[in-house]
Amino acid sequence: MPLLIDDADGVRTITLNRPESFNSFTVEMKEGLLTALHEAGEDPGVRALVLTGAGKAFCAGQDLKEHIALLEAGDPAPLETVRKHYNPMLRALTGLPKPVIAAVNGMAAGAGASLAYACDLRIAAESAKFLMAFANVGLTADSGASWTLPRLIGYGRAMELMLLAQPVTAPEAKELGMVNRVVPDGEALTAAQELAARMAAGPTTAYAKLKEAMLIAAGSDLEAALEAEARTQAEAGQTTDHREAVAAFVAKRKPTFTGT
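Residues numbered from 1 in each chain as written. Predicted model: local features only at pLDDT ≥ 70, side-chain atom pairs only at ≥ 80, totals over all residues. Heavy atoms only, no water.

> Outline the overall build of the protein chain, listing residues and values.
Looking only at helices and strands, the protein chain features eleven helices and ten strands. Taking 260 residues into account, the globule formula puts the C-alpha radius of gyration at 18 Å, and the protein chain, at 19 Å, falls close to it. Along the first, second and third principal axes, the C-alpha set of the protein chain runs to 65 × 40 × 35 Å. Across the protein chain, contacts joining residues at least 24 apart in sequence account for 67% of those joining residues at least 6 apart. Accessible surface computed for the protein chain: about 13100 Å², of which carbon and sulfur atoms make up 57%. Averaging the positions of the 24 positive and the 31 negative side-chain charges in the protein chain gives two centres separated by 5 Å. (Helix = DSSP H or I, 4+ residues; strand = E, 2+ residues; numbered from the N terminus. Rg over C-alpha atoms; globule rule 2.2 N^0.38 Å. Contact = heavy atoms within 4.5 Å. Areas by Shrake-Rupley, 256 points an atom, 1.4 Å probe, with all protein chains shown as cover. Lys, Arg positive; Asp, Glu negative; His and termini not counted. Charge placed at Lys NZ, Arg CZ, Asp CG, Glu CD.)

> Could you give an account of unusual backbone geometry, naming the residues involved and the relevant values?
We note that Asp9 has phi near 55 degrees; this positive angle belongs to a residue other than glycine. Mapped onto the elements of the fold, Asp9 is located in the loop between strand 1 (3-8) and strand 2 (11-16). A relative accessible area of 67% places Asp9 in the exposed class. Positive phi, normally seen in glycine, also occurs at Ala165, with a value near 50 degrees. (Buried < 20%, exposed > 50% of the residue type's maximum accessible area, 1.4 Å probe, protein only.)

> Provide a residue-level description of the pattern of salt bridges, including the pertinent values.
Side-chain pairs of opposite charge can arise whenever the charged atoms involved come near each other. Taken as a whole and judged by the stated rule, the model has ten salt bridges. Here Glu235 ties to Lys209 by a salt bridge, and the two come within 2.9 Å at their closest N and O atoms. On the criterion of sequence distance, the pair formed by Glu235 in helix 10 (residues 222-237) and Lys209 in helix 9 (residues 204-218) is long-range, its members being 26 residues apart. For Lys209, a relative accessible area of 22% translates into the label partly exposed. A salt bridge links Arg253 to Glu244, with the nearest nitrogen and oxygen atoms 2.7 Å apart. (Salt bridge = Lys/Arg side-chain N within 4 Å of Asp/Glu carboxyl O.)

> An account of the packing of aromatic side chains is requested, with residue identities and associated values reported.
In total, this model carries two aromatic pairs according to the counting rule given. Geometrically, the ring pair formed by Phe25 and Tyr86 is edge-to-face, given 5.8 Å between the ring centres and 75 degrees between the ring planes. Of this pair, Phe25 sits in the loop between strand 2 and helix 1 (27-42) while Tyr86 sits in helix 3 (residues 77-94), and the two are 61 residues apart along the sequence. Look at Phe25 and you get buried, because its relative accessible area is 0%. Arranged with centres 6.1 Å apart and planes meeting at 20 degrees, the rings of Tyr117 and Phe130 form a pair that is stacked. Here Tyr117 is found in helix 4 (residues 111-118), whereas its partner Phe130 is found in strand 8 (residues 129-131), with 13 residues between them in sequence. Across the pair, exposure class does not vary: Tyr117 and Phe130 are buried alike. (Phe/Tyr/Trp six-rings, centres within 6.5 Å; stacked < 30°, edge-to-face > 60°.)

> Describe in detail a nonpolar patch on the surface, supporting the description with residues and values.
The grouping of Leu64, Ile68, Val137 and Leu139 at the surface amounts to a nonpolar patch, some 340 Å² of accessible area in total. Locating Val137 in the fold gives a position in the loop between strand 8 and helix 5 (145-153). Note on Val137: relative accessible area 44%, which makes it partly exposed. (Patch = residues over 30% accessible without salt bridge, like charges linked within 9 Å, V, L, I, M, F, W, Y side chains within 5 Å.)

> Quick rundown of the environment of Ala224? Include the residues and the values.
Its location among the elements puts Ala224 in helix 10. For Ala224, a relative accessible area of 29% corresponds to the partly exposed category. In this structure the C-alpha to C-alpha distance between Ala224 and Ala213, which are eleven residues apart in sequence, comes to 9.7 Å.

> Explain the environment of Arg91 to me, and be specific about the residues and the numbers.
Note that Arg91 resides in helix 3. On the basis of relative accessibility, which here comes to 58%, the residue Arg91 falls in the exposed class. Along the backbone, Arg91 and Phe22 are 69 residues apart, and their C-alpha atoms lie at a distance of 24 Å.

> Give me the lowdown on the sheet that holds strand 8, citing residues and values where you can.
Taken in spatial order, the four strands line up as 4-6-8-9 in an open sheet, and their pairing is mixed. Two strands in the sheet have a free side with no partner beyond their single neighbour: strand 4 (57-59) and strand 9 (168-169). Across the sheet, helix 4 touches strand 4, strand 6 (107-109) and strand 8, and the angle it forms with strand 6 is around 100 degrees. (Pairing = 2+ DSSP bridges. Axes fitted to C-alpha atoms, helices over the stretch in contact; angles between N-to-C directions.)

> Any chance you could break down the side chain of Ser24 for me, citing the residues and the numbers?
One can find Ser24 in the loop between strand 2 and helix 1. At a separation of 3.0 Å, a polar atom in the side chain of Ser24 contacts the main-chain carbonyl oxygen of Ser21. Ignoring anything within four residues of it in the chain, the contact list for Ser24 reads Arg18, Met29, Ala60, Gly61, Gln62 and Asp63. (Polar contact = N/O pair within 3.5 Å; in protein donor to acceptor, adjacent residues only side chain to side chain.)

This is how it looks when you write it as structure tokens:
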């Protein structure tokens, strides 16, 4: 199966499962991941999401063997995959109303790196690397990287990584702001699941509203950002979780959140 799905403590873990091909994206995997993201967003039992890869890699990006075979067969699918698969995947991921954490266990290249950038948080294994490999195969950026990466590390740094297509180690990625945390090899998934479980027990509606406000602000002017803040704050303020948090603060006890 190209994807493995596991649920525990309100956390759904989606594992890209083509280790023999470094979890590179085939059409089947892209369509499966898109479906899995929509299902996670709609399932009330899923309160946080973790994405990772099986084996030694997180995701090597597009499966070039499938890509070349389709090109040589004259199939138009390779030229349509950005609009048909990658764009919807990134919209689903960034718009998911729940925290999403990437557990980057190994190499993340091309669309695989872009997938990690689109998550809310990234935890990387010490030996993991990030590679914007598009220029190496005569292509431009896709999977949202032209939008997400500059917002993580700045336009100049992002342009350098895109044009030179040089790998970035996990410690370097942490220094650049590309990842949030670096952990020893073999511990990225556990660390991501522990963090996701902590967030799953938190005010998940507030997290959804926070993601919405941040996404709007990332592509708008100040007035639009202020209006988004006012609206989402008012919506969050009407939740049971907000009232519970205020009551718990006054009573000096730990709040119990339900996501409502």
